[in-house]
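Remarks on the overall topology
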Amino acid sequence: MKPLALHPDRFFDAEPAVRSIARTLYEAVKALPLVCPHGHVPPVLLADDEPFPEPTSLLITPDHYIFRMLYSHGLRLEALGIPTQDGTPVETNPRTIWQRFADHYHLFLGTPTRAWLDYVFYHLFDIRTRLDGATAMPVYDQIRERLQEPAFRPRALFDRFNIEVLTTTDSAADPLAHHQAIRVSDWGGRVVPCFRPDAVFRIAAPGWRQEVERLAEAADLEITRYTDFIEALERRRAFFKEMGATSTDHAVLAPYAERISAGAADRLFQRAFRSEATAEDQAGFEAHMLMEMARMSVEDGLVMQLHPGAYRGHNEAVASRFGPDKGGDIPTATEYTYNLKALLNAYGTDPRLTLVVFTLDESTYSRELAPLAGHYPAMKLGPAWWFFDSIEGMRRYRELTTETAGIYNTAGFNDDTRAFLSIPARHDLARRVDANYVAGLVARHQVDLDDGRRMMRALAYDLAKATYRLDAQPTATLDLAAGADGAVAANRPPG
Amino acid sequence: MKPLALHPDRFFDAEPAVRSIARTLYEAVKALPLVCPHGHVPPVLLADDEPFPEPTSLLITPDHYIFRMLYSHGLRLEALGIPTQDGTPVETNPRTIWQRFADHYHLFLGTPTRAWLDYVFYHLFDIRTRLDGATAMPVYDQIRERLQEPAFRPRALFDRFNIEVLTTTDSAADPLAHHQAIRVSDWGGRVVPCFRPDAVFRIAAPGWRQEVERLAEAADLEITRYTDFIEALERRRAFFKEMGATSTDHAVLAPYAERISAGAADRLFQRAFRSEATAEDQAGFEAHMLMEMARMSVEDGLVMQLHPGAYRGHNEAVASRFGPDKGGDIPTATEYTYNLKALLNAYGTDPRLTLVVFTLDESTYSRELAPLAGHYPAMKLGPAWWFFDSIEGMRRYRELTTETAGIYNTAGFNDDTRAFLSIPARHDLARRVDANYVAGLVARHQVDLDDGRRMMRALAYDLAKATYRLDAQPTATLDLAAGADGAVAANRPPG
Amino acid sequence: MKPLALHPDRFFDAEPAVRSIARTLYEAVKALPLVCPHGHVPPVLLADDEPFPEPTSLLITPDHYIFRMLYSHGLRLEALGIPTQDGTPVETNPRTIWQRFADHYHLFLGTPTRAWLDYVFYHLFDIRTRLDGATAMPVYDQIRERLQEPAFRPRALFDRFNIEVLTTTDSAADPLAHHQAIRVSDWGGRVVPCFRPDAVFRIAAPGWRQEVERLAEAADLEITRYTDFIEALERRRAFFKEMGATSTDHAVLAPYAERISAGAADRLFQRAFRSEATAEDQAGFEAHMLMEMARMSVEDGLVMQLHPGAYRGHNEAVASRFGPDKGGDIPTATEYTYNLKALLNAYGTDPRLTLVVFTLDESTYSRELAPLAGHYPAMKLGPAWWFFDSIEGMRRYRELTTETAGIYNTAGFNDDTRAFLSIPARHDLARRVDANYVAGLVARHQVDLDDGRRMMRALAYDLAKATYRLDAQPTATLDLAAGADGAVAANRPPG
């Protein structure tokens, strides 16, 4: 058994001058509240506030970073208990799965996944022995025991984590029932939705009509024409905003945005209704809808996020048996300069718009994204995302963007996680890596320590809050939004 | 008020061994003369030698690095006094503009712009308090006062900066009157032109015909056919060379070069005269003209520079109101292996050609540019350019190119600046960053200190001078150039 | 004369904590045997075991890293004694060539070529003065003298180098006579072939029919149809495997793999027989054959390697006068996510397949390759290749891949060299750079020293051996392979 310890200087450069400054900068921000403006925590967790069942279903089954790596070494997803969509039976004994994971924990050496997990083990569950095949069951038991304590209920953890605000990600038709339940509860945690309408833009996808039907129902509106569709979206945005939302999110393959005429949009829309829309039709419709989303953001003030570049479902067998988000999504080269031109020309200088752009293609940081964000007032750079939400990934992000865009055109940190328990670990890692980056600037005498502190606070807290307009509880802003009529009011929650 | 100080070890690694070697290497080159083989200083400055009017029009209004960043945070260019082309009034009070700039100076933390400006403030104007909203006016006054001293006239500064040679950038039809004025003056500063004929190659651009007319007039030649056009270019190159030029420069979107027949070229040329040339025609013509420029360089010995990859005027509203070079130019992914193949096959092994290639796409440093420069004798890598003319940018450039191409296939440093006052700051920063890079090699025992010194001198001085053939004052070389006839002689300056 | 010394801490960070850990990690692996699973050493060297003739033909003439750089500074390949294919005479005096090389040895400062050569000079030939123009002849004489000693014969060096296994690269029709000679000799060195059938897949290339004829002869089979071709390949693979091969290798421009029907494949094949195949036909055929190679690897267990991205023969004049591999091959942007999709969907989860993928486009490390290798069980990342087999190149490789794929989805080190004498130098450099990388993780407290040691051993030895299935001498595995019939047995070596 080897001891588990988290070194107080972890992730800092070994060089004593840099390390000492990094410590100083980190100390000043480590206790700041966590602003979580983008993520995938299921709101039901905080609505129901039920105890977490046991370690495997909490830490392994939902985390595609973990089972992706295990899969890459030949462990079948069935053997890891990942639920199937086609009825194929999977391993049901959580201890068996946990043991398999522990047997392969060395695969994660040098990855952020291991850094996050060790933090969770150490700080949340007071584990003091390293996880491996031999310690798997004692670790499992210790976590399992703790999960039964009231202090480990979701809301208690939310408070203990010092989360100031947590944004979830929700489909356009979502009734936001869990958000409503949280609002009317006696618990004061701030949990807000984010409007993600991707599914209703994918007019060539098999389930599109059902998605539009769900949208129509949610918006209390019959949708037969493109103009109905637009009105429904506006109503839903207004409702989301009423429910505290400050942002929308859009996942696309290419960040291509181009307006077409309302007539042309309606023709595509009708073709989709007849199930005749092609992939090309969809690309054109999505490009147009990004323009519409920008227009609506200008009008209702919701911050617009763009997450392009992932080829979803690359491993078709995994996608069809296990569904989306199972580790088989692979980045592709992504182009921003041409693709975003029309959108930025139309809305990029409008002070009412904030557009946060992410990438899975690091070659665009310095070539396209920093120059664009360093020019257009509306555009901000989202933090290092997904495969790059890591020690080296965040270092490269800062080194490749700061000299052109400065830090004040970046959007602070997003944890972007489904793994509720890992939120403090992720913020802590990001704050450490940013502290080390700024410490490097100070140690090389590019900025002085006072300016370093100012930058550090921005990176750890201020930028996320300001970029996502989370400074204040949203108030009566419905009047700004088109379509904010009785239909929306009908959806309005009681509290 | 916080003091402004420039640390003697700035930009060096904090690690004591590296820092100590970097100091040693830097000390040996810091006083070497500045060789400036590519830049955008207006020659009128040194021809007229008038005092600079006041700080804002000297430091803010002409620097698109500065107002780009301010624009990205919502300051309108009108509010910064950037002159408009459409008559829109702009802020005229330089103090108001300076105050706005100072209020936002924190945006530049961690950027090279701030490093350059602080150097100018400290070394040129003896400012000892940091610029911010509170110190804006005292700083302004101190600079303004100094600018009235004779020591702050352009020629005095040129001498004080220890500039050995300064190359400007001039259009194909430029009469080089300012260069002539400098030549006949009693001042001994070496200021030479660079031949940049981009405008006459853009056959689909609205102002093309006027550009060709200006060219014809300058070359004293009627241009009705493609062959006239070629002869005019040859005459102008000969004249530029006579005026001291050692180089040409070519800005293109893609570095595509491909010869077409003279007949085909003439058909494109005639189409352009009828204002019927398409974007595709222009691309073909530009590709052909790059081949012609290489051919002429082989014949007249002018070093050929290629600056590809910038999508110009991305923000159309800014471009149309304020004109070119206003911060709205955005890089694009750039391809060199296929695009340069024909040119390098035709001329890349000819000892008479030097081709200096730049990039705004850092992913090409190690993938395409270093392998090409590490093979073809004619090709050299231009220094880290524009968005990459920075501490991290220059570090990456060396790390990504040296192992394949060595340092001796690189072209030394270019300041590439419009900002005359920032020239020493830029060279100093480059010398420091290169010193730190070489110090790393020495500290890791990849090269010894003697070799490190040899490399350092090459990076700081020798390579720029040798690559751009600035070793000697050009003498009677006109006989090498085609078309060097009486028409050129008629343009020849008296002295 | 300056002394030549190799610092014991070379290539390690100067920072004392990192350096000290790097030393510890390196010490533990520096004496491990060398596993060489991919390279280009001619097997005749070890079959004949003749003394090396003299320094120039040993160290300069065969090394395209060296003469490429010399060529880039204007030395003609003729002047370096590179043999021509068109009968053009070349320099024949090896001392003249050696002197030219030594005169330009400073060009290699900061390159891995110089690091490898200095290692060879110092450790193999006990040279203690640095090579330059003045020391050229004494160095030449000292090497020449040593080469006459029995200890400098190839087999003696192989043993002294502590090479556990050396894989060569051999065309599909190669009789492997040298491998057979090594097998039946009394020398125990393990030298195994690798099956590289590129030439028979290039159906539009001029020499294709002769290549297929050679294949037919080697497989003892008449090839008139596509199915014959497949059977011949299967027989040859079986024979290679019988001769100890554990891998195949495939060089392509784009790593595009897509199956077509056997009928369609036969139509392309027949077109090729009529010399009518186009470049497009070839691309389709190659893409199909990659699928077939994967299928055969699933069946026969040979590890499949993919080396895409080099545009071969970019300098046509050099290629036509001197032939392939003369320094004129230039990388291109390479795409993996779409190109490998069909292959990975068909075979990427099959536990019988190992697919090792390389790149010359570093932008794909983090964007495509690490995510793919971090998901598909069959796929492993080949080490930093060619232009990137260097100190900074290997550092970037680890920093860009580990956080997503871990180290256990990478294939360990390949020396990939023609230069037999440089093998220890290359492994030593790789072990040092990996030790320094892992030391950084330890010093930043991302992994502890015990885990660091475990990782280090994997990087230096275990991963290469396991990935390439070199753990055991291959035994009776022919039964796994299709087409392993008498024809193969007829080719079977006696021993």
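Note that this is a predicted model, so its numbers are computed, not measured.

Calculation rules
Residues numbered from 1 in each chain as written. Chains lettered and ligands numbered in written order. Predicted model: local features only at pLDDT ≥ 70, side-chain atom pairs only at ≥ 80, totals over all residues. Helix = DSSP H or I, 4+ residues; strand = E, 2+ residues; numbered from the N terminus. Rg over C-alpha atoms; globule rule 2.2 N^0.38 Å. Contact = placed C-beta atoms within 7 Å. Least-squares fit on C-alpha atoms with pLDDT ≥ 70 in both. Nonpolar A, V, L, I, M, F, W, Y, C, P; charged D, E, K, R; others polar. Expected span 1.5 Å × (residues − 1). Buried ≥ 20, exposed ≤ 12 C-beta atoms within 10 Å, placed from the backbone. Arc of directions from axis to C-beta. Axes fitted to C-alpha atoms, helices over the stretch in contact; angles between N-to-C directions. Parallel < 35°, antiparallel > 145°, perpendicular 65-115°, else oblique. Left-handed = near helix turned anticlockwise from the far one by under 90°. Pairing = 2+ DSSP bridges. Domains from an automatic or database assignment. pLDDT = per-residue confidence, 0-100.

1. A few points about the overall build of chain A
Of regular secondary structure, chain A possesses 21 helices and 11 strands. The C-alpha radius of gyration computed for chain A amounts to 23 Å, which stays within 12% of the reference 23 Å derived for 495 residues, consistent with globular compactness. In terms of principal-axis extent, the alpha carbons of chain A reach across some 70 × 60 × 45 Å. Once local pairs closer than 6 in sequence are excluded, the contacts in chain A between residues at least 24 apart make up 78%.

2. Considerations on the relation of the copies chain C and chain A
In summary, the two copies of the chain are related to each other by a rotation about an axis coupled with a shift along it. Superposition of chain C onto chain A requires a rotation of 120° combined with a translation of 0.0 Å along the rotation axis, giving an RMSD of 0.0 Å. Taken together, the turn and the small shift mark the pair as related by a three-fold rotation axis. Little of the interface of chain C is mirrored in chain A, where only 5% of its interface residues are also at the interface.

3. Focus on the interface of chain C and chain A
If you look at the interface, chain C gives 37 residues, while chain A gives 42 residues. Those elements that provide at least two residues to the side of chain C that touches chain A are α1 (16-29), α16 (341-347), α17 (363-373), α18 (391-405), α19 (423-443) and α20 (449-467) of chain C. Here the side of chain C that touches chain A gets seven residues from one element, more than from any other, and that element is α17 of chain C. For the side of chain C that touches chain A, the class distribution of residues is 14 nonpolar, 13 polar and 10 charged.

4. Quick word on the interface of chain B and chain A
Contacts between the two partners involve 43 residues from chain B, matched on the other side by 37 residues from chain A. Within the residue set of the side of chain B that touches chain A, elements represented by two or more residues are α4 (64-72), α6 (112-125), α15 (316-322), β9 (330-331) and α18 (391-405) of chain B. At four residues, the largest contribution of residues to the side of chain B that touches chain A is made by α4 of chain B. Partitioned by chemical class, the residues of the side of chain B that touches chain A number 19 nonpolar, 14 polar and 10 charged.

5. Describing α1 of chain C
Residues and elements named next belong to chain C. Given a rise of 1.5 Å per residue, 14 residues ought to cover 20 Å, and the 20 Å separating the end C-alpha atoms of α1 matches this to within 8%. Buried within α1 we find V18, R19, I21, A22, L25 and Y26. All buried residues of α1 fall inside an arc of 165° around its axis, so they share one side.

6. Here we look at the relation of the copies chain B and chain A
For these two chains of identical sequence, chain B goes onto chain A by a turn of 120° and a shift of 0.0 Å along the axis, with RMSD 0.0 Å. When the interface residues of chain B are mapped onto chain A, a mere 5% of them again fall at the interface, so the copies present different faces.

7. Quick word on the packing of helix α18 (residues 391-405) of chain A against helix α19 (residues 423-443) of chain A
Residues and elements named next belong to chain A. Contact pair α18 / α19: the axes reach a minimum separation of 10 Å and the direction vectors enclose 45°. When the interaxial angle is binned, α18 and α19 end up oblique. Note that α18 runs across α19; the crossing there is right-handed. For the pair α18 and α19, the contacting residues are I391, M394, R395 and R398 in the first and A430, V433 and Y437 in the second. Residue composition of the contact of α18 with α19, grouped by class: five nonpolar, no polar and two charged.

8. Topic: the sheet that holds strand β2 (residues 163-167) of chain A
Residues and elements named next belong to chain A. Pairing is parallel across the open sheet formed by three strands, whose spatial order is β1-β2-β4. Looking at the sheet topology across the chains shown, the edges are occupied by β1 (34-36) and β4 (191-192). Of the strand pairs in this sheet, β2 and β4 are connected by two bridges, and their pairing is parallel. Opposite L166, over in β4, you have V191 as the bridge partner.

9. A word on the domain arrangement of chain A
Residue and element names in this part refer to chain A. Looking at the assigned domains, one finds that chain A contains domain 1 (52-150) and domain 2 (155-491). For domain 1 versus domain 2, the separation of C-alpha centres amounts to 29 Å. Between domain 1 and domain 2, the residue contacts involve 20 residues of the former and 19 residues of the latter. Those elements giving two or more residues to the side of domain 1 that touches domain 2 turn out to be α4 (64-72) and α6 (112-124). Looking at which element gives the most residues to the side of domain 1 that touches domain 2, the answer is α6, with six residues. When the residues that make up the side of domain 1 that touches domain 2 are grouped by side-chain class, the tally is 13 nonpolar, four polar and three charged.

10. Description of the pairing of strand β2 (residues 163-167) of chain C
Residue and element names in this part refer to chain C. Counting buried positions along β2 yields four of five residues, so the element is predominantly enclosed. Two elements, strand β1 (residues 34-36) and β2, share three bridges in a ladder whose sense is parallel. Bridge pairing links V35 to V165 in β2.

11. Here we look at the sheet that holds strand β2 (residues 163-167) of chain B
Taking strand neighbours across the sheet as the criterion, the three strands line up as β1-β2-β4 (chain B) in an open arrangement whose pairing is parallel. Of all strands in the sheet, those bounded by a partner on one side alone are β1 (34-36) and β4 (191-192) of chain B.

12. Focus: the environment of D170 of chain A
Residues and elements named next belong to chain A. Positionally, D170 belongs in strand β3 (residues 170-171). In this structure D170 comes out as buried when scored by C-beta crowding, with 25 C-beta atoms within 10 Å. Sequence separation of D170 and P193 is 23 residues, and the distance between their C-alpha atoms is 6.2 Å. When neighbours within four sequence positions are excluded, D170 is seen to be in contact with L176, P193, C194, F195 and R196.

13. Details of the environment of E211 of chain A
Residue and element names in this part refer to chain A. Within the secondary structure layout, E211 lies in helix α11 (residues 208-219). For the pair E211 and D86, spaced 125 residues apart in sequence, the C-alpha separation works out to 21 Å. Once residues within four sequence positions are removed from consideration, E211 is found in contact with A199 and V200.

14. Let's talk about the confidence of the model for chain A
All names here are of chain A. On average, residues of chain A score 94 in pLDDT, and 95% of them are at 70 or above. Across residues 474-495, where pLDDT falls below 50, the model places 41 contacts with residues more than four positions away in sequence or in other chains. Model confidence for the complex is summarised by a pTM of 0.95, with the ipTM given as 0.95.

15. Quick notes on the packing of helix α17 (residues 363-373) of chain B against α18 of chain B
Residue and element names in this part refer to chain B. Contact geometry of α17 with α18 gives a least axis separation of 8 Å together with a crossing angle of 40°. Between α17 and α18, the angle falls in the class oblique. Helix-helix and strand crossings are classified by hand; for α17 and α18 the assignment is right-handed. Residues Y365, S366, L369, A370, P371 and A373 of α17 form the contact with α18, whose own contacting residues are Y397, L400, T401, T404 and A405.

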